[in-house]
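In case you want the letters, here they are:
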Amino acid sequence: MGSSPLGNEDEEIVRWTSRLTMARVSRWGGMISTPDAVLQAVIKRALTESGCPNSIVSQLMENSHERHWPRGLGSLETRQVNRRQYENYVCKRIPGKQAVVVLACDNRHMDSDLIVDPGLVMIFAHGVE
């Protein structure tokens, strides 16, 4: 049996993210930092329907709220200071939604204060292409 350097859960995440399309965020100012429960439920359903591994759905959704974001995204002021760096995120589109998933496995090149494991969901009012 060949052993993979990734665990089964990591392989499942990589397989899922490889099926998602790349997204470009044109309006970082449209980020919704405190999504309500209804919006979170809609995005969670879209994640599940896209094949997101069940093992990370809840954590990704928890990380859709600014209270769980990394230090570099933690406040409006910090987001404004770091906005130029956001262009370097590898963002994958959550199908049919103004939302992206920013996975740690796709963003190892980012500063540690701009990413969390297993990743985070960013929901936008507009500006996801």
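Below is a short write-up of the structure. (Residues numbered from 1 in each chain as written. Predicted model: local features only at pLDDT ≥ 70, side-chain atom pairs only at ≥ 80, totals over all residues. Heavy atoms only, no water.)

## Things to note about the overall build of the protein
Here's step 1: When you go through the protein residue by residue, the secondary structure sums to four helices and four strands.
Here's step 2: Overall, the protein shows an N-to-C arrangement of helices and strands of α-β-α-α-α-β-β-β.
Here's step 3: The C-alpha radius of gyration of the protein comes to 14 Å, within 12% of the 14 Å expected for a compact globule of 129 residues.
Here's step 4: Expressed along its principal axes, the backbone C-alpha trace of the protein runs to roughly 50 × 30 × 25 Å.
Here's step 5: Looking at the protein as a whole, 44% of its 129 residues qualify as buried.
Here's step 6: Surface accessibility of the protein: about 7,100 Å² in total, with carbon and sulfur atoms responsible for 48%.
Here's step 7: Taking the average location of the 15 positive side-chain charges in the protein and that of its 15 negative ones, the two points are 6 Å from each other. (Helix = DSSP H or I, 4+ residues; strand = E, 2+ residues; numbered from the N terminus. Rg over C-alpha atoms; globule rule 2.2 N^0.38 Å. Buried < 20%, exposed > 50% of the residue type's maximum accessible area, 1.4 Å probe, protein only. Areas by Shrake-Rupley, 256 points an atom, 1.4 Å probe, with all protein chains shown as cover. Lys, Arg positive; Asp, Glu negative; His and termini not counted. Charge placed at Lys NZ, Arg CZ, Asp CG, Glu CD.)

## Examining the side chain of Asn107
Here's step 1: Mapped onto the elements of the fold, Asn107 is located in the loop between strand S3 (99-103) and strand S4 (119-124).
Here's step 2: Taking the relative accessible area as the measure of exposure, Asn107 reaches 1% and is therefore buried.
Here's step 3: Setting aside chain neighbours within four positions, we find Asn107 in contact with Asn88, Tyr89, Val90, Val102 and Ile115. (Contact = heavy atoms within 4.5 Å.)

## Considerations on the packing of aromatic side chains
Here's step 1: For the structure shown, the criterion picks out four aromatic pairs.
Here's step 2: With centroids separated by 6.2 Å and ring planes inclined at 40°, the aromatic side chains of Trp28 and Tyr89 adopt a geometry described as tilted. You can see Trp28 sitting in the loop between helix H1 (8-19) and strand S1 (31-32) and its partner Tyr89 sitting in the loop between helix H4 (76-82) and strand S2 (92-93), a full 61 residues away along the chain. You'll find Trp28 and Tyr89 in the same group, each marked buried.
Here's step 3: In textbook terms, an aromatic cluster arises when at least three aromatic residues are bridged by ring pairs, as seen for Trp28, Tyr86, Tyr89 and Phe124. (Phe/Tyr/Trp six-rings, centres within 6.5 Å; stacked < 30°, edge-to-face > 60°.)

## What to know about helix H3 (residues 54-62)
Here's step 1: Buried residues of H3: Ile56, Val57, Leu60 and Met61, and no others. Each buried residue of H3 sits inside an arc of 135° when the element is viewed along its axis, so together they form one side.
Here's step 2: Contact partners of the buried residues in H3: H1, helix H2 (37-49), S3 and S4. (Arc of directions from axis to C-beta.)

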